[in-house]
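Close look at the chain arrangement
The primary structure of each chain is shown beneath.
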Amino acid sequence: MSFLFNGFASWKEYCETQQLKLHQPVLEYETKQKGRSEEEVFNGLLQAYEVMKEAVNSGLSEEMSSRSGMIKNGAKKVYNHPVTVLSPEFQKLISRALAAKEVNSCMGRIVAAPTAGASGILPGVLYTLQDLHNLSDKKIVEGLLVSAGIALIIEQKASLAGAVGGCQAETGSAAAMASGAIVYCLGGSVDQVFNAVAITIQCMLGLICDPVAGLVEVPCVVRNASAAAIANSSAQIALADVSAVIPVDECVDAMGEVGQSMETRYKETALGGLAATKTGQQISKRVLVQDIEILPDEDK
Amino acid sequence: MAERSSVFDMIGPVMIGPSSSHTAGVVRIARAAIRVLGDQPEEAEITFYNSFAQTYEGHGSDRAIIAGLLDFKTDDKRIKKSLDHAKEKGLKYTFKSVGNASTFHPNTIRLVLKSGNKEVEVIGESRGGGVIRITEVNGFTAGFSANLHTIIITADDRPGSIAFIADVISQDGCNIATMSVSRKGKNDIACQVLEMDSGLRPLTIEYLNSLNWVHNLIYIPNID
Ligand code: SF4
């Protein structure tokens, strides 16, 4: 059974030989490997989805600010802005992803999916998808199972942590999970779901992790919005049967390879990219604790 | 090979932001530490080391540690306002930052907790994803994760004591997952830390505690 999440190809093959829908092997994995009943898994995911929606709603209604002051009520402004760039739905998608991630930055309750830094993407995408297409909670939970399967494979073959693989591993993986869930929930085929994952990874590949002052705020919050948008654009492409050309398993390998060769200053160390800019440095001076007793170097 | 992740590691955990190592992990270190004390602390001295030293305020680890000392869980919304709750409950605390402590893991916290005339010192690491490791208890090497059931026994260092304790525990049907022993000197006091998959009966704990060569026994059931 555990061979299943070694790759997308074997996941698909298993579905075909066993005549299963895409989410079923993931459910089976969890019940067999972790000893949970199907009902427990289903209810647990439903609860997680409730927390996601609650985070979106509180981010769009409550006053909040992060400790550093960098994140402050951005989602509400976007949600209520009179100028609509594309469509009201797009505006809502963006503000919902921002909202849930802002709640995270402001010490509110969220679901790490797959990580806390990427905690706005699935909420923004799924909330909007359910709203637009009148999907049942059951369908959304199936979509979450598909997302989890995608993440299990990425974790195995590449990484989900910014400190290991850069931001492509965090917001990139979350976008891939969300994109796969969209296509699945809208009735796409297995190939279309995996194509959406592949296309999303192609779009997010190479993104570095460079949080200003080491805080999960800038650029993390806006990247949750852009990742939500990319998840949707990839789904739109994949549903039309446009091929990703490079198969999904190879895209994940590429992500692992890029992550491995990325320099450490681009892996959550706050030493490169935006964190290293003049303004980034100034902010870090202001918000970080300066009163530190420094121990002498140990003799080697 | 490491154990494979669960669906709920991918969609989860449900937690208070901003980061699992700076909030969830920190809360859990404090929850483990108050169980070592065996009481609600009246006073706490908290030292953040290395990468925590600079970022603990920005990430809200100060509120997370106080929340854990008040025994709030990792997904408790009161974490954000824990400093107010501490004031209400009369918990006194001080924060210190120490950088460049090369023998410590990047995200290390040291807690000195007092209640009445009891005092304990606990050192813990937040290893990412909310996973922790308590590395030291009262100067003894510990090394437990607090997601199983843990007992910490300080006893005379004498032949057969480890086998004896393991045997008593096995009578409760407990499977020992990990075990470590550290001591101050030969035939001095030894500290044994055992992690078990299931809990012990109160009677077993009482029995072990009653042995004249056992000085102290701390039992920490799964902290979540
Ligand atoms: S920049 Fe780094 S900390 Fe921020 S979301 Fe991306 S991976 Fe996470």
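Residues numbered from 1 in each chain as written. Chains lettered and ligands numbered in written order. Predicted model: local features only at pLDDT ≥ 70, side-chain atom pairs only at ≥ 80, totals over all residues.

**Description of the overall build of chain B**
A tally of regular secondary structure across chain B gives seven helices and 11 strands. At 18 Å, chain B has a C-alpha radius of gyration in line with the 17 Å of a compact globule built from 224 residues. Dimensions of chain B along its principal axes, counting C-alpha atoms only, are 50 × 45 × 35 Å. Split into buried and exposed, the 224 residues of chain B put 43% on the buried side. The contacts of chain B with a sequence gap of at least 6 include a subset with a gap of at least 24, amounting to 66%. (Helix = DSSP H or I, 4+ residues; strand = E, 2+ residues; numbered from the N terminus. Rg over C-alpha atoms; globule rule 2.2 N^0.38 Å. Buried ≥ 20, exposed ≤ 12 C-beta atoms within 10 Å, placed from the backbone. Contact = placed C-beta atoms within 7 Å.)

**Concerning the overall build of chain A**
Across its full length, chain A holds 13 helices and two strands. In summary, chain A has a C-alpha radius of gyration of 20 Å against a globular reference of 19 Å for 300 residues, a match within 12%. In chain A, buried positions account for 54% of the 300 residues. Excluding contacts between residues fewer than 6 apart, the proportion of contacts in chain A whose partners are at least 24 apart in sequence is 77%.

**A short note on the interface of chain A and chain B**
Every contact between the two is made by 45 residues of chain A and, on the other side, 35 residues of chain B. Counting only elements with at least two residues in the side of chain A that touches chain B, the list comes to α2 (24–34), α3 (38–61), α5 (88–105), β1 (109–111), α7 (137–157) and β2 (293–294) of chain A. At seven residues, the largest contribution of residues to the side of chain A that touches chain B is made by α7(A). For the side of chain A that touches chain B, the residue count by class is 27 nonpolar, nine polar and nine charged. Of the pairings in the sheet, the one linking β2(A) to strand β3 (residues 92–99) of chain B comprises two bridges and is parallel in character. If you follow A:I294 over to β3(B), its bridge partner there is B:G99. (Nonpolar A, V, L, I, M, F, W, Y, C, P; charged D, E, K, R; others polar. Pairing = 2+ DSSP bridges.)

**Some details on the confidence of the model for chain B**
Per-residue pLDDT for chain B averages 92, and the proportion of residues at 70 or more is 99%. Taken together, the chains of this predicted complex give a pTM of 0.91 and an interface ipTM of 0.95. (pLDDT = per-residue confidence, 0-100.)

**Brief notes about the site of the ligand**
Residues and elements named next belong to chain A. In the vicinity of the ligand lie 14 residues, with G117, G162, C167, C209 and C220 positioned nearest. For the shell around the ligand, the element with the most residues is helix α9 (residues 167–185), which contributes three residues. Residue composition of the shell around the ligand, grouped by class: seven nonpolar, three polar and four charged. (Near = placed C-beta within 6 Å.)

**Some thoughts on helix α10 (residues 190–204) of chain A**
All names here are of chain A. Here α10 contains 15 residues, and its C-alpha end-to-end distance of 21 Å stays within 8% of the 21 Å for a straight helix at 1.5 Å per residue. Burial within α10 is extensive, with 12 of its 15 residues counted as buried. Q192, V193, F194, N195, A196, V197, A198, I199, T200, I201, C203 and M204 are the residues of α10 that are buried. Buried-residue contacts for α10 involve α1 (8–18), α7, α9, α11 (220–239) and α12 (248–261). In the segment just after α10, G206 is the residue with positive phi, at about 90°. (Expected span 1.5 Å × (residues − 1).)

**Some details on the domain arrangement of chain B**
Domain parsing of chain B yields domain 1 (15–138) and domain 2 (149–220). Here the C-alpha centroids of domain 1 of chain B and domain 2 of chain B sit 26 Å apart. (Domains from an automatic or database assignment.)

**Considerations on the sheet that holds strand β7 (residues 140–144) of chain B**
Strands sit in the order β2(A)-β3(B)-β2(B)-β4(B)-β5(B)-β6(B)-β7(B) across an open sheet of seven strands; the sheet is mixed. Here the strands that pair on one side only, and so sit at the sheet edges, are β2 of chain A together with β7 of chain B. Relative to strand β5 (residues 118–126) of chain B, strand β4 (residues 107–115) of chain B runs antiparallel, the two sharing eight bridges. In the strand pairing of β5(B), B:L111 is matched with B:V122. The strands touched by helix α2 (residues 24–37) of chain B are β4, β5 and β6 (132–137) of chain B; relative to β5(B), the strand with the most contacts, the crossing angle is about 155°. (Axes fitted to C-alpha atoms, helices over the stretch in contact; angles between N-to-C directions.)

**Considering the sheet that holds strand β9 (residues 176–183) of chain B**
All names here are of chain B. A sheet is described by the order of its strands in space; here four strands give the open sequence β9-β10-β8-β11, paired in antiparallel fashion. Whereas interior strands pair on both sides, the edge strands pair on one side only; in this sheet they are β9 and β11 (214–220). When the angles between neighbouring strand axes are averaged without regard to direction, this sheet yields 10°. In terms of strand pairing, β9 meets strand β10 (residues 189–196) through seven bridges, oriented antiparallel. By the bridge assignment for β10, R183 is matched with A190. Along the sheet, helix α6 (residues 161–171) makes contact with β8 (149–156), β9 and β10, crossing β10 at roughly 30°.

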